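Here is how the chains run, residue by residue.
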Amino acid sequence: MQILEIRTPKRVAFVPITSEVQSVVAEQGWRDGILTLYVPHTTAGITINENADPDVVRDIIYETNKLIPFEDGYQHMEGNSAAHIKSSVFGASATLIVENSRLIIGTWQGIFLGEFDGPRHRKLFLKFIPTP
Amino acid sequence: MQILEIRTPKRVAFVPITSEVQSVVAEQGWRDGILTLYVPHTTAGITINENADPDVVRDIIYETNKLIPFEDGYQHMEGNSAAHIKSSVFGASATLIVENSRLIIGTWQGIFLGEFDGPRHRKLFLKFIPTP
Amino acid sequence: MQILEIRTPKRVAFVPITSEVQSVVAEQGWRDGILTLYVPHTTAGITINENADPDVVRDIIYETNKLIPFEDGYQHMEGNSAAHIKSSVFGASATLIVENSRLIIGTWQGIFLGEFDGPRHRKLFLKFIPTP
């Protein structure tokens, strides 16, 4: 298992990590198989979406914050329940296909670490399973 | 990796693809392992839900359209921000168990490609990892 | 493939299953690889979130019930459309990393079976793929 360290810039952000993940794949010599990305945090997540126009990510954050407000009568004392809920909606992991040591993703797709209670230092676990 | 081509019928639709996926599993002789389904698009997704009563899928679309309206003060100029948001909520991939060359899914479960900005031609990537 | 049987206590609940899953990993002697958890039901799901303060799970249920009401003009005759929608939002599967026969999850993370139309008896499928 490999670990990436990611610094997130603010309370809610989608940090693009495609090139960092691709670099680990190349450095490790991972050729052909599936790659599991796993976020070991309960107020962060991982998602795949458009990385061309930054307004897309801005709109995802805008609408998510509207649907799951920071304050909404929650009981959890730490005050970050919205972040926990978003973590479960976006999910803690992603599965990617690797062929010829390259991530097989769509032309407009990028991988993002979703930060919902930042800014913080986050970890991302990468586990590769090769095809036999 | 195998690729399925899927034509979607309208703006928002859940297209049942269980039998197409099962056919690839059989044709490829995939016996025992896990199968990753991956959508290389940022305005589509994949989900597993009831395939018996079509009203279930209709209700999922109805409620999702209500929660994430087509127009809601988004900034992305292409006008399909709702589709991008839905893509992240449903997710770009699914992991399925295969045994004896059959998908191991529940009695009422079907696999659906979620179209959120159609009608279009979509691709679905299938990558199988066998148990040793 | 291994199967866990889980009894859910009420209509909507997140049942902690980390120790049950860890026990299967140990009993089966699964050492190093990835573990797919799969729920073969269309009104349940699986998620990873905080297992320290039970208020977190309570807040997730509270907010999810608010966003996706039990009654909302749905057409599906069984009256459990909200449960189907939640199942797709949380997802039917989770992928976990295993090393040295231990689940590699974050300090505050726990695995939960999400029940959205209980109480019921549910099944959870576990499929392990070892690294070669």
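Here the structure is a predicted model, which means the values were calculated and not measured.

## Here we look at the pattern of salt bridges
Applying the stated criterion across every chain yields a total of 21 salt bridges over all chains. When the shortest N-O distance is used, the salt bridge between Glu 115 of chain B and Arg 122 of chain B registers 2.8 Å. Here Glu 115 of chain B and Arg 122 of chain B have matching classes, each one buried. Note that Lys 123 of chain C and Glu 5 of chain C form a salt bridge whose closest N and O atoms lie 3.1 Å from each other. Placement of Lys 123 of chain C in strand β8 (residues 121–130) and of Glu 5 of chain C in strand β1 (residues 2–7) is noted, with a sequence separation of 118 residues between them. Overall, the relative accessible area of 33% leaves Lys 123 of chain C in the partly exposed class. Given a relative accessible area of 55%, Glu 5 of chain C falls into the exposed group.

## Brief notes about the interface of chain A and chain B
Between chain A and chain B, the residue contacts involve 33 residues of the former and 32 residues of the latter. Carbon and sulfur atoms supply 58% of the area buried between chain A and chain B, which totals about 2500 Å² over both sides. On the chain A side of the interface with chain B, the three residues burying the most area are Asp 59, Glu 63 and Ile 97 of chain A, jointly 20% of the side's total. The tally of links between chain A and chain B comes to three salt bridges.

## Here we look at the confidence of the model for chain A
In the predicted model, chain A carries a mean pLDDT of 97, and 100% of its residues have values of at least 70. For this predicted complex, the interface score ipTM comes out at 0.97, alongside a pTM of 0.98.

## Structural notes on the sheet that holds strand β7 (residues 109–115) of chain B
Residues and elements named next belong to chain B. On the basis of which strands lie adjacent, the open sheet formed by three strands has the order β2-β7-β4 and antiparallel pairing. Here the strands that pair on one side only, and so sit at the sheet edges, are β2 (13–16) and β4 (44–50). Direction aside, the axes of adjacent strands within the sheet are offset by 35° on average. Bridge analysis of β2 against β7 gives four bridges, and the strand direction is antiparallel. Bridge pairing in β7 links Val 15 to Leu 113.

## Quick notes on unusual backbone geometry
Residue and element names in this part refer to chain A. Cis geometry is adopted by the peptide bond preceding Pro 119, which originates at Gly 118 and carries an omega value of 0°. We note that Asn 100 has phi near 50°; this positive angle belongs to a residue other than glycine. Summarising the element assignment, Asn 100 is placed in the loop between β5 (93–99) and β6 (102–103).

## A few points about the packing of helix α3 (residues 81–90) of chain A against helix α2 (residues 54–67) of chain C
Two elements in contact, α3 of chain A and α2 of chain C, have axes separated by 9 Å at closest approach and are oriented at 70°. As judged from the angle between their axes, α3 of chain A and α2 of chain C are roughly perpendicular. Facing Ser 81, His 84, Ile 85 and Ser 88 of chain A of α3 of chain A, the residues of α2 of chain C in contact are Val 56, Asp 59, Ile 60 and Glu 63 of chain C. Looking at the contact of α3 of chain A with α2 of chain C, its residues break down into three nonpolar, three polar and two charged.

Rules behind the numbers
Residues numbered from 1 in each chain as written. Chains lettered and ligands numbered in written order. Predicted model: local features only at pLDDT ≥ 70, side-chain atom pairs only at ≥ 80, totals over all residues. Heavy atoms only, no water. Salt bridge = Lys/Arg side-chain N within 4 Å of Asp/Glu carboxyl O. Buried < 20%, exposed > 50% of the residue type's maximum accessible area, 1.4 Å probe, protein only. Helix = DSSP H or I, 4+ residues; strand = E, 2+ residues; numbered from the N terminus. Contact = heavy atoms within 4.5 Å. Buried area = accessible area lost by both parts, 1.4 Å probe. pLDDT = per-residue confidence, 0-100. Pairing = 2+ DSSP bridges. Axes fitted to C-alpha atoms, helices over the stretch in contact; angles between N-to-C directions. Parallel < 35°, antiparallel > 145°, perpendicular 65-115°, else oblique. Nonpolar A, V, L, I, M, F, W, Y, C, P; charged D, E, K, R; others polar.

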